[in-house]
Amino acid sequence: MFNDLQPITFPGVDPDQPLVIAGPCSAESEEQLLDTARQLAANGVKIFRAGIWKPRTKPGGFEGVGLKGLLWMQQVKKETGMYTATEVATHEHVNAALDAGIDLLWIGARTAANPFAMQDIADALRGHEDVPVLVKNPVNPDLELWIGGIQRIYNAGIRKLGAIHRGFSAYGKHLYRNEPQWHIPVELHRRIPNITIVCDPSHMGGRRELISPISQQSLDMGVDGLMIECHCDPDKALSDNNQQLTPDNLNIILNALVVRDTHVSTENLSTLRQHIDRCDNELLEILAKRMRIAKEIGTYKKEHNMQIVQAARYDEIMKRRVKQAESLGLNPEFMKEVMQAIHEESVNLQLSLFEGKK
């Protein structure tokens, strides 16, 4: 599965540089689209994005201009020579976008979370195997749901297939509009090694001042491209105005980005990696020993009719280990997560003993 995925490339777009997709959150008027596109094209951007249909959290907001926006996108392509991209959420959107000559489609986070909607879009894409499609991560951090959506599009015959990492929603106030949770796209790449992954720093940060650092971080993490919202007059944008850049500001950010060399040999790291392997082996042996002791403790608790969880003991261990970790230069929050995971597994082992399982 997924072994025959193809990279998302376009003639005239340098495959050795990160893919850059830029343009306004929403198509608002023909003048706005053309003004933004002309500036982006003059700065060397090759792929122009704009939302034609806008799924809003609450009704009453700007929900896009609809079909007439596709005519404006055609004019952008005709005048600037840029490739065009838009979001689709229904069978009808796919048909209309492809009929209008849109070059790249993406599927939004809300749609990606709905298997019925993903299958509807997949059915519409059958017979259009050459169109590139990007699937945003679902709103919540659910890797299996993300992979399932990608698989539905793959099963429709699409091979120029990629993913957009736009971060994940979290309750309450946070630095980011959507938390990066980089371990999830890293695991996606491990599971589907040849998939194209694009980062959306606009939706991840939610504020234009965060776009530059997130873009650099994403390239350092090895993503293949960036999708960035850009507007000729961001403060007057009808949707997501706080996270949109001017074309000139985008140009400054792109020129300042450091693209890491992926062709440098890692041979000189072999000794250090051998050390890492030995450390990992020792960690596993120690963990296995710890779990054996936890099992013995579970047997004792069962024989003496004791409760499995001893809250005071757990609290004591947690505080002591976190303090030890800090003295060794380790992140205390990281150590809390490690100790919580170890404790949960120890409890699970003891529960199995109480239930008569081996």
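The coordinates are above.
Overview of the structure. These figures come from a predicted structure and were not determined experimentally.

Conventions used here
Residues numbered from 1 in each chain as written. Predicted model: local features only at pLDDT ≥ 70, side-chain atom pairs only at ≥ 80, totals over all residues. Heavy atoms only, no water. Helix = DSSP H or I, 4+ residues; strand = E, 2+ residues; numbered from the N terminus. Buried < 20%, exposed > 50% of the residue type's maximum accessible area, 1.4 Å probe, protein only. Contact = heavy atoms within 4.5 Å. Areas by Shrake-Rupley, 256 points an atom, 1.4 Å probe, with all protein chains shown as cover. 1 Å grid on protein atoms, 1.4 Å probe; cavity = no way out; pocket = protein on both sides within 12 Å on 5 of 7 lines; lining within 4 Å. Points joined across faces, edges and corners; volume = space filled by probe spheres on them. Nonpolar A, V, L, I, M, F, W, Y, C, P; charged D, E, K, R; others polar. Pairing = 2+ DSSP bridges. Right-handed = clockwise from strand over helix to strand, strands pointing away. Phe/Tyr/Trp six-rings, centres within 6.5 Å; stacked < 30°, edge-to-face > 60°. Disulfide = S-S within 2.5 Å. Axes fitted to C-alpha atoms, helices over the stretch in contact; angles between N-to-C directions. Parallel < 35°, antiparallel > 145°, perpendicular 65-115°, else oblique. Left-handed = near helix turned anticlockwise from the far one by under 90°.

## Quick look at the overall build of the chain
Looking only at helices and strands, one finds 13 helices and 8 strands in the chain. Going through the 358 residues of the chain one by one, you find that 43% of them count as buried. Once local pairs closer than 6 in sequence are excluded, the contacts in the chain between residues at least 24 apart make up 72%. Surface exposure of the chain reaches about 19300 Å², of which carbon and sulfur atoms provide 52%.

## Looking at the layout of surface pockets
Roughly 710 Å³ of volume is contained in the largest pocket. As for the largest pocket, its lining consists of 27 residues, of which Pro 15, Asp 16, Val 223, Asp 224 and Thr 262 are closest to the centre. Considering only residue class, the lining of the largest pocket consists of 12 nonpolar, 9 polar and 6 charged.

## Some details on the pairing of strand 5 (residues 133-136)
Every second residue of strand 5 is oriented toward a common face, with Val 133 and Val 135 on one face and Leu 134 and Lys 136 on the other, all of them buried. For strand 4 (residues 104-107) and strand 5, the ladder comprises 3 bridges, and the chain directions are parallel. Within the sheet, the bridge partner assigned to Ile 107 lies in strand 5 and is Val 135. Each parallel crossover has a hand, and the one from strand 5 via helix 6 (residues 143-155) to strand 6 (residues 161-165) is right-handed.

## Side note on unusual backbone geometry
The backbone of Gln 181 shows a phi angle near 45°, a positive value even though the residue is not glycine. Summarising the element assignment, Gln 181 is placed in the loop between strand 6 and helix 7 (183-191). Gln 181 gets classed as partly exposed once you look at its relative accessible area, which sits at 27%. One non-glycine residue, Asn 305, lies in positive phi territory at about 55°. Topologically, Asn 305 is positioned in the loop between helix 11 (270-303) and helix 12 (311-327).

## Re the pairing of strand 8 (residues 225-229)
Of all 5 residues in strand 8, 5 are buried, a share of seventy percent or more. Alignment of strand 1 (residues 19-23) against strand 8, held across 5 bridges, turns out to be parallel. The partner of Ile 21 across the bridge, within strand 8, is Met 227.

## A short note on the packing of aromatic side chains
Enumeration according to the criterion identifies 3 aromatic pairs in this entry. A centroid spacing of 5.0 Å and a plane angle of 65° characterise the contact between Phe 2 and Tyr 154, whose relative ring orientation is edge-to-face. Placement of the pair is Phe 2 in the segment before strand 1 and Tyr 154 in helix 6, with a sequence separation of 152 residues. With 4.7 Å between their ring centres and 35° between their planes, Phe 10 and Tyr 83 make a pair best called tilted. Residue Phe 10 is located in the segment before strand 1, and its partner Tyr 83 is located in strand 3 (residues 83-87); the two are separated by 73 residues in the primary sequence. Classification of Phe 10 as buried rests on a relative accessible area of 9%.

## Here we look at the state of the cysteines
Tallied over the full model, the rule gives 0 disulfides. Its sulfur unpaired, Cys 25 is 12 Å from the next cysteine sulfur, which belongs to Cys 230.

## As for the packing of helix 6 against helix 7
At a minimum axis distance of 10 Å, the contact between helix 6 and helix 7 shows a crossing angle of 45°. Comparing their axes, helix 7 and helix 6 come out oblique. Between helix 6 and helix 7 lies a crossing whose hand is right-handed. Residues Leu 143, Glu 144, Trp 146, Ile 147 and Ile 150 of helix 6 lie in contact with helix 7, whose contacting residues are Ile 184, Pro 185, Glu 187, Leu 188 and Arg 191. Taken together, the residues of the contact of helix 6 with helix 7 sort by class into 7 nonpolar, no polar and 3 charged.

In short, geometric facts, not functional conclusions.
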